[in-house]
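Results of the structural survey
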Amino acid sequence: MDLLALADFNLVARHGGFGKAAREAGRPKATLSRRVAELEASLELRLFERGARSLKLTEEGRALFERTALLLTELDETATAIASGGHAARGRLRISAPLLFSQTAMGRLAAGFALRYPQVRLEVTAEDRAVDMIEEAYDLVIRVNPEPDATLVGRIFLRDRMVVVASPALPRPEGAAPVPAVTRGPVKQAETWTMKTASGTSAMLAHPVLGLSSLVMVRDAVRMGAGAARLPLSLVSPDLADGTLAHWGDVEGPETALWALYPTRRLLSARVSAFLDYLREAFPRGTPDELAAYVHG
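Below is a summary of the structure that appears in this document.

Rules used throughout
- Residues numbered from 1 in each chain as written.
- Predicted model: local features only at pLDDT ≥ 70, side-chain atom pairs only at ≥ 80, totals over all residues.
- Heavy atoms only, no water.
- Helix = DSSP H or I, 4+ residues; strand = E, 2+ residues; numbered from the N terminus.
- Buried < 20%, exposed > 50% of the residue type's maximum accessible area, 1.4 Å probe, protein only.
- Contact = heavy atoms within 4.5 Å.
- Pairing = 2+ DSSP bridges.
- Axes fitted to C-alpha atoms, helices over the stretch in contact; angles between N-to-C directions.
- Salt bridge = Lys/Arg side-chain N within 4 Å of Asp/Glu carboxyl O.
- Core = buried A, V, L, I, M, F, W, Y, C linked by side-chain atoms within 4.5 Å.

Let's shift gears to the environment of Ala137. Among the secondary structure elements, Ala137 is positioned in the loop between strand S4 (120-126) and strand S5 (140-144). Residue class for Ala137 comes out buried when judged on its relative accessible area of 15%. Linking Ala137 and Leu57, residues 80 residues apart in sequence, is a C-alpha distance of 15 Å. Ala137 has contacts with Arg14, Arg94 and Asp132, leaving out every residue within four places of it along the chain.

Now for the sheet that holds strand S7 (residues 162-166). One open sheet holds the six strands; their spatial order is S8-S10-S9-S12-S7-S11, and the pairing between them is mixed. Single-partner strands in this sheet number two, and they are strand S8 (179-184) and strand S11 (229-232). Pairs of neighbouring strands in the sheet enclose a mean axial angle of 55°, with direction left out of account. Both S7 and strand S12 (residues 246-251) contribute to a ladder of four bridges, which runs antiparallel. Residue pairing for S12: Val165 is matched across the bridge by His247. The strands touched by helix H7 (residues 233-242) within the sheet are S7, S11 and S12, with S11 carrying the most contacts at an inclination of about 105°.

All right, on to the pattern of salt bridges then. A complete count under the given rule lists 19 salt bridges for this structure. For Arg223, the salt bridge identified is with Asp220, shortest N-O distance 3.4 Å. Residue Arg223 and its partner Asp220 are located together in helix H6 (residues 215-223), separated by three residues, close to a single helical turn. A salt bridge links Asp277 to Arg280; the shortest N-O distance between them is 2.4 Å. Separated by three residues within a single helix, Asp277 and Arg280 lie in helix H8 (residues 270-282), roughly one turn from each other. Taking the relative accessible area as the measure of exposure, Asp277 reaches 39% and is therefore partly exposed. Classification of Arg280 by relative accessible area gives partly exposed; the value is 41%. Overlapping salt bridges bring together Asp8, Arg27, Arg34, Arg35 and Glu38 as one network.

We now examine the nonpolar core. Core analysis: the largest hydrophobic core is formed by 27 residues, its most contacted members being Phe101, Leu109, Leu140, Ile142, Phe157, Phe275 and Phe283. Secondary structure elements with two or more residues in this core: strand S3 (91-97), helix H5 (99-116), S5, strand S6 (152-160), strand S13 (256-263), H8 and helix H9 (288-296). Counting residues per element, this core draws most heavily on H8, which supplies six residues. Residues within four places of Leu109 in sequence aside, it is in contact with Phe101, Tyr278, Leu279, Ala282, Phe283 and Tyr294. Listed in part, the 19 residues of the second largest apolar core include Ala13, Ala22, Leu39 and Leu47.

This next bit is on the sheet that holds S13. As summarised here, the arrangement of the five strands in space is S4-S3-S5-S13-S6, forming an open sheet in which the pairing is mixed. The open sheet is flanked by S4 and S6, the only strands paired with a single partner. Each strand of the sheet is rotated relative to its neighbour by a mean of 20°, with strand direction disregarded. Alignment of S6 against S13, held across eight bridges, turns out to be antiparallel. Looking at S13, one finds that Asp160 is bridged to Thr256. Running at roughly 50° to S3, H8 makes contact with S3, S4, S5, S6 and S13 of the sheet.

In structure tokens form, the structure reads like this:
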């Protein structure tokens, strides 16, 4: 198999088309098209379905891409490591991170990392969806309580916990009386919130009156007295400390854990290793209070 043709196939598959791949690589579109056609001929397989305005991987093409993308990356990283003495972090580093973490902490993290490693071109995308790391060419993703994935490895670098908070002006409900609630996402039917308090476990009927797409927006609405909400402790710690918000209890349920995930591979790139070490340095204990201090410090 022609390794150069395979690399060109991966380039086109990663960018979703010959035109975009050619622009990103600075190479002629016709050359990429010819190389991929030669690879298809040598394998006697159609790797792309070519439409008038679209290009889509066939089932065989997707299988080839998934099995060879990491191998080619390892080859490239091995050559780079040898050329640089094996330790220099350089090249492009693409990271996908949750919206809230990106809004509150990722800007400072990214800037500090970029200053320390000027040869790394860091790109961060803020989104909560589960991205396909291979197909979308991400080197590392940060996710909250991710589902198990056999193709990824990683580590927890931060822990947080959810708390129920409200404006001090909002009366705390007694008995079965409902309380107005601000939620993330669409406004839903009333639901029961179970909380742990100093006196034990209690339940509260939450009646959503406002649905917002961002937890930062939810916090701001709660500050205005629109209702109670379940929010990360790291986000509201200063408000609880200065009395802007009142702590009604801790949300009962599993902890909130932030994971740094990357594809399973024998050779971890120097730039990913450097970013993992930078996260560990920024959050050595990985506690909610540590995250709050970093965000609000």
